[in-house]
Amino acid sequence: MPMADPLAAYGKLQAAFSADVKSEENQILLGQVFEASLRFLSKADRTPLKSLVPDKEYFAFAAGKKLFRAVNKGLFVPELAEWEAFRKAIAGNRAPNIDSDRITRIIYSVAVTFFCFIDLTKDGDQKTPGTFFEYLIGHLFAWRLGVNPKTRLPVLNLDMEATLPTDFIFDLGPNRAKFHLPIKVSTRERVIQVWAHQRVLNGVYGTGRFLGTPVILTETKTDKKKQEVIEICLPDQWRIYQMHIAQLKRIYYLDVPASYAKLNEVFPPLSVKPFGHFFAEADTLPT
DNA sequence: TCCTAAGTCTATGGCTCAAC
DNA sequence: GTTGAGCCATAGACTTAGGA
């Protein structure tokens, strides 16, 4: 029963993604991974977690005494029909007629469902969820923008030839926008790399040529002994980076951390939004 | 072209430290 | 003692280079 296995679908997705990031086949395979992971998780136990984040509730899938990553209850919609509805809405590659927050919930659910499947079936695997998240967001960006990404850019220098490895770079063509798209499940202090890459791109190609639009899932951390969930954030560091290293155009989250949402209201300008908004604003971002 | 080893990248839990 | 902010170690997946 190969189709019942999320890993089999994931393997096909890997192959399809490396052949063509924006192809519709990826969407079909993402749906298969979602469906198979949902089926697996439908039998799994759930444990409610104590949320120390205001206005958010979390639970975790459990196996015996073992607890896995926190899942945001308000964002988790374990329904394949929602993914199908989303696919229908974005079929035209334009601003879709579907509520942005509903998109955020759907994409969050597709990602987290597979992550939890990996948590339950593999020990200590952090790479596979990260790569899957790249496939998911990378494809959606490529689909919406209509171009395939590059993953490394030549960085010109008089004395050396080197390339900058980035998650994804989307080039819409001459005189049009270029997107710098780092994709992370969580960043914590590693977020500095995103600003550093943006600074390099500004220096080599000119400030403003590349729009930095990182997409991050969440910044939660689960204390498995106390069964508590917190968000690990560095808001003051972010403000310093945005002022003194480079400017990021948007920072998209699937589960926007409370203290980062507040950065929308203070100086310097730092626009932190739920990911679903990208679909509506993709065409107007460069302006 | 295939295989293997070395190197890189990644997310996460546990930890420190300072302020209160 | 508690909390927020940030640091560090770690292990597995993935990528790349080089040899056969």
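Residues numbered from 1 in each chain as written. Chains lettered and ligands numbered in written order. Predicted model: local features only at pLDDT ≥ 70, side-chain atom pairs only at ≥ 80, totals over all residues. Heavy atoms only, no water.

## Describing the pairing of strand β2 (residues 58-63)
Heads up, the rule is: Three labels apply to residues, based on accessible area from a 1.4 Å probe with only protein chains included: buried if under 20% of the type maximum, exposed if over 50%, partly exposed otherwise in between. Only DSSP runs of H or I reaching four residues or more are called helices, and only runs of E reaching two or more are called strands; each is numbered from the N terminus. Note on pairing: two strands pair once DSSP finds at least 2 bridges between them.
For β2, a buried count of 5 out of 6 residues is recorded, marking the element as mostly surrounded by other parts of the structure. For strand β1 (residues 45-51) and β2, the ladder comprises 5 bridges, and the chain directions are antiparallel. Its bridge partner lying in β2, T47 is registered against A60. Counting the residues that bridge the hairpin from β1 to β2 gives 6 residues, and of these D55 lies at a positive phi of roughly 65°. Linkage of β2 to strand β3 (residues 66-72), two consecutive antiparallel strands, is achieved through a turn of 2 residues, within which G64 is found at a positive phi near 65°.

## Some remarks on the protein's contact with DNA strand C
To keep things clear, this is the line we draw: Here, proximity means that at least one heavy atom of the residue falls within 4 Å of the molecule or strand. Whenever two N or O atoms come within 3.5 Å, that pair is a polar contact, provided that in protein one can donate a hydrogen and the other can accept it, and provided that, for residues adjacent in sequence, both atoms are side-chain atoms. Gly falls in the polar group here, along with every residue not listed as nonpolar (Ala, Val, Leu, Ile, Met, Phe, Trp, Tyr, Cys, Pro) or charged (Asp, Glu, Lys, Arg).
In the vicinity of DNA strand C lie 15 residues, with D125, K127, E189, L234 and Q237 positioned nearest. When the atoms of DNA strand C within 4 Å of the protein are grouped by moiety, sugar and phosphate amount to 74% of the total. T128 places a side-chain nitrogen or oxygen 3.4 Å from a sugar or linking oxygen of DNA strand C. At 2.8 Å, a side-chain N or O of Q237 approaches a phosphate oxygen of DNA strand C. Across the surface near DNA strand C, the residue classes break down as 3 nonpolar, 6 polar and 6 charged.

## Re the domain arrangement of chain A
Selection criterion: Start and end points for every domain follow an automatic or database-based domain assignment. The contact definition used throughout considers only heavy atoms, calling two residues in contact when any of these lie within 4.5 Å. Using a 1.4 Å probe, buried area is obtained as the accessible area two parts lose upon being combined, added over both of them. For this analysis, a salt bridge means a side-chain nitrogen from Lys or Arg found within 4 Å of a carboxyl oxygen belonging to Asp or Glu.
Each assigned domain of chain A is listed here: domain 1 (2-144) and domain 2 (147-281). The straight-line distance from the C-alpha centre of domain 1 to that of domain 2 is 21 Å. Across the boundary between the two partners, domain 1 contributes 42 residues, which contact 36 residues of domain 2. Note on domain 1 versus domain 2: buried area summed over both sides is about 3,200 Å², and carbon and sulfur give 71% of it. At the surface where domain 1 touches domain 2, the tally comes to 3 salt bridges.

## Quick word on helix α1 (residues 6-19)
Worth spelling out the cut-off: In this analysis, the expected span of each helix is defined as 1.5 Å times one less than the number of residues it contains. Within this analysis, the arc is defined by the directions that extend from the helix axis to the C-beta atoms.
Compared with an ideal rise of 1.5 Å per residue, which puts 14 residues at 20 Å, α1 spans 20 Å between its outermost C-alpha atoms and is within 8% of the ideal. For α1, every residue scored as buried is listed here: P6, A9, Y10, L13, A16 and F17. In a view along the axis of α1, the buried residues occupy a sector of 125°, so they form one face of it. Across from the buried face of α1, at angles greater than 90 degrees, the exposed residues are S18 and A19. For α1, the N-terminal cap is D5; the gap from its side-chain oxygen to the backbone nitrogen of L7 is 2.9 Å.

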